[in-house]
Amino acid sequence: MFDPSSDSEELDTYEHELGPNPSLALAQHPRLAQLRATLNEALPYCCGTAVLPNEDFLLYYGKTERATRIDLSSASTAALDDLEKACAPATFGVAQKNVLDTTYRKAGKLERDSFAINLDLERYGILEALRTGLFTGKEQTHSIRAELHKLNFYGRGSFFKAHQDTPRSSTMFASLVLVFPTQHSGGTLRIKYAGHEYSFDAAAALSGISASEPRIAYIAFFSDVEHEVVPVTSGHRVTLTYNLHYADEDQPVGTDGLDVIQPSGSNTPELESMLSALLEDSSFLPDGGMLGFGLRHLYPLPTSFDAHEDTTLVTLKDKLKGVDAALFRACTELLASPALYAVFEAHSQAGVGGRRALVACPRVVKFHSHDTEDEPPVWEKLCRHWDGVLINFPPEELETAGVSATAVRNWTVHWVTPMSELNRVKTRFAAYGNEPMIGYLYQRICMLVKVGPAGRRETPT
């Protein structure tokens with residue numbers, strides 16, 4: 001019997017001893033497996049594009065009091081040629097030393113003290129996109145900062161063979177490259193990591209952009225990732241490089257105008273495409289149903305809750321990030337509005353095969369007291385008095401547990417991604433039984449969305 005006064009670690013140990021809960025088993029379908037893989041994708045890099053105001057493309061450079069100004073959102077060939085002439089040959093790090101070898105790297109550079117640009121990565125949500133793109137789970141608690149390193153210039157025939165970046169300090173963990181929308185072809189960044197190869201063609205990502213909304217492309221990758229810049233075949237490739245460090249302070253967030261390309265799970269259009277293909281497949285939930293998603297990212301949840309009008313889930317909906325935000329937007333576009341639920345899992349064997357009661361509530365539940373001798377089990381109490389809905393519990397097993405199948409609502413949820421322990425909330429109550437004690441109610445946050453029958457997916461039954 002689980003002691004309601006137990007702490008989180010004891011709960012984890014107890015649930016591990018109980019084994020998997022069949023009510024949380026993942027749904028199986030070929031297209032669903034593809035969606036699940038995309039949502040759970042973990043890559044050694046992330047990339048995308050971001051809209052910046054025109055003034056953030058203004059670069060001032062030079063080594064005298066007479067600096068030269070260039071607008072990198074619409075620079076002429078002549079202006080870019082002048083910038084190239086101002087650059088020194090680019091070196092690269094070998095054994096903590098800077099080496100010049102144009103057979104290995106052919107490019108130009110401006111050191112940090114030779115140029116100035118007013119570009120704020122924090123303001124436009126790029127740092128937050130990097131944090132959610134590079135880190136998963138509890139690692140997302142890391143605050144990060146970007147240290148501007150240098151400007152690199154790749155003209156026709158320029159390249160940088162495969163290499164790893166040299167960490168500049170013990171806090172550096174990754175590199176960031178911003179690519180300006182100067183006309184060029186080639187210069188694709190290729191990445192090799194753990195036997196896999198990836199590529200990011202910034203020129204293609206920036207092609208066709210509106211002159212009224214100029215964009216930069218970005219890609220960040222861990223320091224131990226091997227990468228290369230393939231030869232530029234025409235035009236001018238201008239980049240800023242940053243060293244990414246762990247920091248102590250949280251960064252402000254703003255994501256308007258930010259389009260994530262990788263990881264795919266944070267790319268709303270790609271998720272919409274995959275979700276649309278899944279919904280068009282009449283073999284998938286032909287009569288409709290409900291999909292369940294565990295949240296991928298970690299959120300700062302409150303430690304105290306209102307027993308009557310808690311708004312934690314309402315507030316959290318507007319603070320979703322990365323994969324979770326992209327998924328929420330995709331579901332909103334293609335289906336009925338998704339919703340966040342707080343899910344309680346019973347701590348005792350309540351059914352066949354180790355099934356424990358799973359109850360989804362539309363808000364975080366906080367009750368003041370519970371009498372284990374005179375009141376029904378907590379899961380039943382949640383269903384009867386807190387708008388709770390039992391999840392994936394067969395009616396025949398419910399009757400065996402002594403509860404009428406018509407007395408509580410019961411949903412069949414098809415889990416796409418598993419619920420995690422990242423966003424588990426804990427509320428306290430006075431527990432009465434053989435002796436009074438402080439009890440804890442543990443709930444995990446998930447996303448549920450109703451799906452209509454084939455042909456009418458946006459109209460749930």
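Please refer to the structure higher up on the page.
Read on for an overview of the structure. (Residues numbered from 1 in each chain as written. Predicted model: local features only at pLDDT ≥ 70, side-chain atom pairs only at ≥ 80, totals over all residues. Heavy atoms only, no water.)

1. Quick look at the overall build of the protein
Then step 1. The number of helices and strands found in the protein is 10 helices and 29 strands.
Then step 2. Taking all 461 residues of the protein together, the buried fraction comes to 51%.
Then step 3. Residue pairs at least 24 apart in sequence account for 76% of intrachain contacts in the protein once pairs closer than 6 positions are excluded.
Then step 4. Put simply, the protein shows about 21,600 Å² of open surface, and 48% of that area lies on carbon and sulfur atoms. (Helix = DSSP H or I, 4+ residues; strand = E, 2+ residues; numbered from the N terminus. Buried < 20%, exposed > 50% of the residue type's maximum accessible area, 1.4 Å probe, protein only. Contact = heavy atoms within 4.5 Å. Areas by Shrake-Rupley, 256 points an atom, 1.4 Å probe, with all protein chains shown as cover.)

2. A short note on the nonpolar core
Then step 1. One finds Leu130 and Tyr218 to be the most contacted residues of the largest nonpolar core, which totals 63 residues.
Then step 2. Looking at this core, the element that brings in the most residues is strand E16 (residues 215-222), giving seven residues. (Core = buried A, V, L, I, M, F, W, Y, C linked by side-chain atoms within 4.5 Å.)

3. Section: the sheet that holds strand E3 (residues 68-71)
Then step 1. Ordered in space as E3-E2-E9, the three strands form an open sheet in which the pairing is antiparallel. The open sheet has two free edges, formed respectively by E3 and strand E9 (115-117), since each of these has just one partner strand. Across the sheet, the axes of successive neighbouring strands diverge by a mean angle of 20°, strand direction being ignored.
Then step 2. Pairing of strand E2 (residues 58-61) with E9, which is carried by three bridges, proceeds in the antiparallel orientation. Bridged to Leu59 within E9 is Ile117.
Then step 3. Those strands touched by helix H3 (residues 77-86) are E2 and E3, and its axis lies near 40° from that of E2. (Pairing = 2+ DSSP bridges. Axes fitted to C-alpha atoms, helices over the stretch in contact; angles between N-to-C directions.)

4. Observations regarding the packing of aromatic side chains
Then step 1. Summed over all chains, the structure comprises 14 aromatic pairs.
Then step 2. When the centroid spacing of 6.5 Å and the interplanar angle of 80° are considered together, the rings of Tyr104 and Phe160 count as edge-to-face. Separated by 56 residues along the polypeptide, Tyr104 in the loop between strand E6 (97-99) and strand E7 (105-106) and Phe160 in strand E11 (residues 159-163) bring together distant segments of the chain.
Then step 3. A ring pair is formed by Phe173 and Tyr246, whose centres lie 4.6 Å apart and whose planes are at 20°; its orientation type is stacked. Taken together, the positions of Phe173 in strand E12 (residues 172-179) and Tyr246 in strand E19 (residues 237-247) put the pair 73 residues apart, joining distant regions of the chain. (Phe/Tyr/Trp six-rings, centres within 6.5 Å; stacked < 30°, edge-to-face > 60°.)

5. Observations regarding the sheet that holds strand E15 (residues 196-200)
Then step 1. Overall, antiparallel pairing links the five strands, which are arranged E7-E11-E17-E14-E15 in an open sheet. Each edge of the open sheet carries a strand with a single partner, namely E7 and E15.
Then step 2. Here four bridges tie strand E14 (residues 189-193) to strand E17 (residues 226-229), and the two strands are oriented antiparallel to one another. Residue pairing in the sheet places Leu189 in a bridge with Val229 of E17.

6. What about helix H4 (residues 126-134)?
Working note: α-helix, 3.6 residues per turn, so residues spaced by three or four point in the same direction.
Then step 1. The buried count for H4 comes to nine of nine residues, which makes it a mostly enclosed element.
Then step 2. Of all the positions in H4, only Ile126, Leu127, Glu128, Ala129, Leu130, Arg131, Thr132, Gly133 and Leu134 are classed as buried.

7. With respect to the packing of helix H2 (residues 30-39) against helix H6 (residues 268-280)
The angle between the axes and the distance between the axes are what describe a pair of packed helices.
Then step 1. Where H2 contacts H6, the two axes come as close as 9 Å, and the packing angle between them is 160°. Here H6 runs roughly antiparallel to H2, going by the angle between their axes. Between H2 and H6 the crossing geometry is left-handed. Across the interface between the two elements, Arg31, Leu32, Gln34, Leu35, Thr38 and Leu39 from H2 touch Leu271, Met274, Leu275, Ala277 and Leu278 from H6. (Parallel < 35°, antiparallel > 145°, perpendicular 65-115°, else oblique. Left-handed = near helix turned anticlockwise from the far one by under 90°.)

8. Examining the pattern of salt bridges
Then step 1. Evaluation of the coordinates by the stated rule reveals 12 salt bridges.
Then step 2. In this structure, Arg131 and Glu128 form a salt bridge, with 2.7 Å as the shortest nitrogen-oxygen distance. Note that Arg131 and Glu128 are positioned in helix H4 at a spacing of three residues, about one turn of the helix.
Then step 3. Linking Glu345 and Arg444 is a salt bridge whose minimum nitrogen-to-oxygen distance equals 2.8 Å. In this pair, Glu345 is assigned in strand E22 (residues 339-345) and Arg444 in strand E29 (residues 437-451), connecting sequence segments 99 residues apart.
Then step 4. Owing to a relative accessible area of 7%, Glu345 belongs among the buried residues under this scheme.
Then step 5. Judged by relative accessible area, which is 9%, Arg444 ranks as buried. (Salt bridge = Lys/Arg side-chain N within 4 Å of Asp/Glu carboxyl O.)

These results come straight from atomic positions and should not be treated as a statement about function.
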